[in-house]
There are 2 protein chains.
Amino acid sequence: MKEKTSGAHPVDLDTVKITGGFWSRFQDLVRTQVIPYQWEALNDRIEGAAPSHCMENFKVASGQKEGTFGGCVFQDSDFAKWIEAVGYSLTIHPDPELEKTADEAIDLVCSAQQPDGYLNTYYIINGLEDRFTNLAHNHELYCLGHLMEGAIAYYQATGKDKLLNAVRRYADLVDSLFGAEEGKLQGYPGHEIIEMALVKLADVTGEERYLRLAKYFIDQRGQEPNYFREEIEKSGKPWGWAKSPFGLQYYQAGKPVREQTAAEGHAVRAVYLYSGMADVARKTGDESLWNACRTLWDSIVRRRMYVTGSIGSAHYGESFTFDYDLPNDSVYGETCAAIGLVFFARRMLETEAKGEYADVMEQALYNGVISGMSLDGRSFFYVNPLEVLPEASEKDHDRSHVKVQRQKWFGCACCPPNLARLVSSLGMYMYGTGTLDGGEVLYHHLYADGRASFTLGSKRAEIRTETRYPWDGTIKTLFSLPEGSASFTYALRIPGWCDRYTLTVNGQPLEYRFSDGYAYISRTFQDGDAVTLELEMSPRLISASPEVRDDIGKVCVCRGPVVYCLEQEDNGAKLHKVRISGNTSFREAWEPETLGGIVSLECTGTSLDKPSQFAGALYQRYTPPVYKPQVLRWIPYYAWANRSAGEMTVWVRVQD
Amino acid sequence: MKEKTSGAHPVDLDTVKITGGFWSRFQDLVRTQVIPYQWEALNDRIEGAAPSHCMENFKVASGQKEGTFGGCVFQDSDFAKWIEAVGYSLTIHPDPELEKTADEAIDLVCSAQQPDGYLNTYYIINGLEDRFTNLAHNHELYCLGHLMEGAIAYYQATGKDKLLNAVRRYADLVDSLFGAEEGKLQGYPGHEIIEMALVKLADVTGEERYLRLAKYFIDQRGQEPNYFREEIEKSGKPWGWAKSPFGLQYYQAGKPVREQTAAEGHAVRAVYLYSGMADVARKTGDESLWNACRTLWDSIVRRRMYVTGSIGSAHYGESFTFDYDLPNDSVYGETCAAIGLVFFARRMLETEAKGEYADVMEQALYNGVISGMSLDGRSFFYVNPLEVLPEASEKDHDRSHVKVQRQKWFGCACCPPNLARLVSSLGMYMYGTGTLDGGEVLYHHLYADGRASFTLGSKRAEIRTETRYPWDGTIKTLFSLPEGSASFTYALRIPGWCDRYTLTVNGQPLEYRFSDGYAYISRTFQDGDAVTLELEMSPRLISASPEVRDDIGKVCVCRGPVVYCLEQEDNGAKLHKVRISGNTSFREAWEPETLGGIVSLECTGTSLDKPSQFAGALYQRYTPPVYKPQVLRWIPYYAWANRSAGEMTVWVRVQD
């Protein structure tokens, strides 16, 4: 197997430290609020909340306690996501007490492991004879995938390999049971994630068989005779989503993955699969698999993605629907799906250093991902709408999934811990390393105030980035080269949304090559060199493709990577009556005390006056409408629903 | 009890005959297609369709056959609706063979009646001990209500009273079991209709106790302690919709009817109830009940009705949602609900001769009612959308109830027979009689080519109406007065949509008084007098109130009472890209061979060109859009989906 080399490989989390600004605030929230709260939740210590049963299940499974299995069939994954977030958090912010708690939790989890390596409390408690008989619906391999990711993160943070060894034993068991060989199970997970986890495990352990197993799961998926169809028919178990209009494509298992040309079915599963496909394609140099990834990528970002980076437009099946079907008010846009899109984007970047991938990664991160968490880190959205009418959420069943305020915690708590693990590990998404004409390239994908250390051109390099991004477009990167100088290429991402920028070294213009979204500066850097990128950040109006029915005649407002919205709190109700001109100008203001610190925008729009002929009437002969001026105040979309509950909209009508 | 007298009382069906034109065609369809087809369906003789079990149930219930109950719990009502349509059809078009079939059917139905008068096959077959124990959900009183209406129609058509006597005995049983008195059931129907049926029965039989029972059902509804809540709690039966967010208002039973200020819950049930309320208010002179009717009327027509007269915007619960929530593409708009609105409107007219009631009656009839039937009378819509995208119906669960083509017949076949009974009895909606200053008034609500005979000013009057309405605005009414002359008031409705009209007698201007939507001509009419009303019919653009989010920035096109639409067949796909100017002019053409004969409209609009910056991109910086001219061809909304399956829209964007 030959590895492709033109991409940007992520760097280790411990080499990057976000020290201030936008993301630092979110990382602190995760560390001080989400992780401790989640631990209490896993242990059923949240007053008023339905018990999670998660740690309890491990006690029952290990024989420390009598009892039955509680919670969802995939409840184990809650621990796995927590330990992964803990691993990342300890990497960027050591905390001996948290580490002690985690060690004890790992002891408990490992004590439930069976002699053959099996470790899933649902089947340990309910009967091992049924294990691996309901791959389509019982999330066994999904839980293992999460456990792998958690074990790896914890191992990399602490060097402690107890959990890692446990999941290796479990992975080895799975490897011995699944595969093309006679007598093995020719199956694959109903909810993907194990594919990308296995690739990580192969990297960490150096064991190629884990990569082969990932490849097997991907290659086998959707082949005929269809494993899920046979499994369900044989078992007599309910068909579940397999009998919905999605059919087996709900699980992305209706046809072989290389024949899948549109993002279909459950959105989180889809992007988790595609992430694994991108990993395996890169690791194995599999062109046909890589082409499938590119096709599916295009399907999402060119036809099935909200401007906030949210995906999965339908509540039913938490799923994709069809091209350009992007309703703003009945959207699902699960937080986890946007997170999965970030996973997929980074993996595409690993094979091909193309700005579009990093653009989408950033688009999702600043909008549809962090909109999932309140500014105090204590409440969460599953669903991330682009338009909200409280009365509709309350009175229309088809929009009742759209919540007007974030919820404390969920019975099926997938989004909060998923946010925790992504935000804590964000350092791994900011840089990449690659090669160009035999030399080394340091890719700088995402900009945040912080430090990083690399070895570049065989020399040690300390990098310090100073920026108020995304509020300000100036990004200054200082190179400390203890050995004096180093020759390498520094590739800065020029965001696709940016039309004008300047790039200087030590205040002077410099030579660079722009290619596919990156400015490549190839030179011998001197200790103390400062590269300054200035991105023009003025607010801009954005249209959707005219194929998007729900956005036609409308625009949204963006500034840098941040999508803005109108809230009732600032603008009153009846936001659908608002209209802005296509050449509206905006006043920008840095408001450190508002919503955790934001740049707010203000413009003068208009609002439809109620014409006199409508006094009491619902339909009347058309007369040209009368609009009255209205000052509109915009806030970043991610910050909505942190004050009073009310209307919100991202898209507004444009006068053209 | 004192009867209010200022309204327009409906006339008997046998006094009015539609002889040609628009409605004649629909009446012929019902007679030649729907009624015979339905009879086959009731007898399980439709190949490929799920059996109805309806007549079979009567055979089993009467002991003529062994078997179990089949179909829905309200399957008996299918016979009741059929016999009602048959009654009306025989009135306007005698048919000895059909009458013979009906007589035999009545013999069978009556043979299932129990000694105490009870007649509902579900409980006769499954156990009489459970009768009247699940009023909330088992439609027993609903079936009886329909049976009353059927029996009355058949009696009035043929003079045969076998079925009428049977339902009287059943009604007497119900009257003995329900009521405020100690030991009686203080209940009421879960699905209303019996209220208006009882008022009819009181009229036909002269027995006031049926009116008192109707009043009891209405007055008792929603009182505390709540009957449904207690019934469900006592029985341990499922809560059904009572536990949905609608609560008991799903059945309009969450509070006393006089405290209900918004149309809520299941739309068909709601308008059936309101119809009965209007009947009882009129019959008893109950001001508070009449005020409740007016409040609920306003709630519907001023805030919760589509421009097509369709009501019930949500699929979930087939229900009303909230004010101004009128989505065009996910609408329910059940055919039966629009029919129920016609019932309600005519009853409001009976108390108060106000053009608004007749306007809405007409609006529903020409649009949301007959859109429910194909032009060949062989297929039917339950759901009447104002915007259709075939891909959404196929791939989006939340729009999967919106069918792109009418269906052959339904398992729960409520809409086709409901259409049959309304269309056959349309004569009863066209005229009304009332009094004014002690003299008689003949109200002419709806215009159709036809004849009618009345006694006016104590003299016999034969009326002949000549019109091509709704295609042409000229309505000529000729009075034949065998006794030479007669003094009375002839009140012609001037539709609310009409801004300009002329009114002449024998070609000369005449004196009249315009009040509340009617032109009152008070004079001594001479034999041979011809009153000609000319309504200006040019196409007009209509806006919805700006409170309607889904129609903002849009207009629809109407001509006379007919709402128009764009279909893909005529205009290509991507109808959301179309825009018209606020001063668009239309070319009108009578096309006798198209869609059963229509006036089509044509105008020049524009369509959004795909801007070049969107090549492959989903979101881009806003630039003013480029529109190219496009000729748009409009057809009447009711005639949509009679050619190829494709997109359709009623509302289009307007450039203003």
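Just above sits the structure.
Calculation notes
Residues numbered from 1 in each chain as written. Chains lettered and ligands numbered in written order. Predicted model: local features only at pLDDT ≥ 70, side-chain atom pairs only at ≥ 80, totals over all residues. Heavy atoms only, no water. Helix = DSSP H or I, 4+ residues; strand = E, 2+ residues; numbered from the N terminus. Buried < 20%, exposed > 50% of the residue type's maximum accessible area, 1.4 Å probe, protein only. Contact = heavy atoms within 4.5 Å. Phe/Tyr/Trp six-rings, centres within 6.5 Å; stacked < 30°, edge-to-face > 60°. Salt bridge = Lys/Arg side-chain N within 4 Å of Asp/Glu carboxyl O. Least-squares fit on C-alpha atoms with pLDDT ≥ 70 in both. Pairing = 2+ DSSP bridges. Expected span 1.5 Å × (residues − 1).

S.K.: I'm lost on the overall build of chain A in this one. Help?
M.R.: The number of helices and strands found in chain A is 18 helices and 24 strands. Taking the principal axes of its C-alpha atoms as reference, chain A extends roughly 75 × 70 × 50 Å. Looking at the 656 residues of chain A, the share that counts as buried comes to 63%. Partitioning the intrachain contacts of chain A with sequence separation of at least 6 by distance along the chain shows that 71% fall at a separation of at least 24.

S.K.: Which parts of the structure should I look at to understand the packing of aromatic side chains?
M.R.: For any pair of aromatic rings, the description consists of the separation of the ring centres together with the inter-plane angle of the planes. This structure, assessed with the given rule, holds 97 aromatic pairs over all chains. Ring centres of W241 of chain A and Y250 of chain A lie 4.8 Å apart, and the angle between their planes is 10°; on these two criteria the pair is classed as stacked. Using a relative accessible area of 28% as the deciding quantity, one classes W241 of chain A as partly exposed. Measuring from ring centre to ring centre gives 5.2 Å for W23 of chain B and Y366 of chain B, while their planes differ by 55°; the resulting arrangement is tilted. Taken together, the residues span a long stretch of sequence, with W23 of chain B in helix α1 (residues 21-42) and Y366 of chain B in helix α14 (residues 355-369) at a distance of 343 residues. Like W23 of chain B, the residue Y366 of chain B is buried in the burial classification. Each member of the aromatic cluster is reached from another via a ring pair, and the members are F22, W23, F26, Y366, Y447, Y469, W471, W590 and Y638 of chain A.

S.K.: Is there a simple way to think about the pattern of salt bridges in this case?
M.R.: All names here are of chain A. With the rule as written, the count across this model stands at 112 salt bridges over all chains. We note a salt bridge from D323 to R303, for which the minimum N-O separation is 3.3 Å. Of this pair, D323 sits in the loop between α12 (287-303) and α13 (335-351) while R303 is found in helix α12, placing the two residues 20 residues apart along the sequence. Taking relative accessible area as the criterion, D323 reaches 28% and is therefore assigned partly exposed.

S.K.: How should the relation of the copies chain A and chain B be read in this particular structure?
M.R.: The operation relating the pair of chain copies consists of a rotation about an axis and a translation along that axis. Mapping chain A onto chain B is achieved by rotating through 180° and translating by 0.0 Å along the same axis, at an RMSD of 0.0 Å. Read as a symmetry element, the transformation amounts to a two-fold axis. Proximity to the rotation axis, assessed at the C-alpha, singles out D398 of chain A in chain A; its C-alpha lies 3.5 Å from the axis. In this assembly, 100% of the residues forming the interface of chain A have copies in chain B that are likewise at the interface, indicating an isologous arrangement.

S.K.: I'm lost on the pairing of strand β18 (residues 578-581) of chain B in this one. Help?
M.R.: Two faces, one strand: in a regular strand the side chains alternate between the faces of the sheet. Residues and elements named next belong to chain B. Two strands pair when backbone bridges link them, and β18 and strand β20 (residues 598-608) are joined in this way by two bridges, in the antiparallel orientation. By the bridge assignment for β20, R579 is matched with T606. Of the strand pairs in this sheet, β18 and strand β24 (residues 652-655) are connected by three bridges, and their pairing is parallel. Pairing of I580 across the sheet is with V654, part of β24.

S.K.: Got a minute to help me understand helix α8 (residues 194-205) of chain B in this structure?
M.R.: A turn of α-helix holds 3.6 residues, and therefore any two residues three or four places apart point the same way. All names here are of chain B. Given a rise of 1.5 Å per residue, twelve residues ought to cover 16 Å, and the 16 Å separating the end C-alpha atoms of α8 matches this to within 8%. Most of α8 is tucked away: nine of the twelve residues are buried. Among the residues of α8, I194, E195, M196, A197, L198, V199, L201, A202 and T205 are the ones counted as buried. Looking at the packing, one finds that the buried side of α8 touches α6 (140-158), α7 (162-177), α9 (208-220), α11 (267-284) and α13 (335-351). Immediately beyond the C-terminal end of α8, within one or two residues, lies G206, with a positive phi of roughly 75°.

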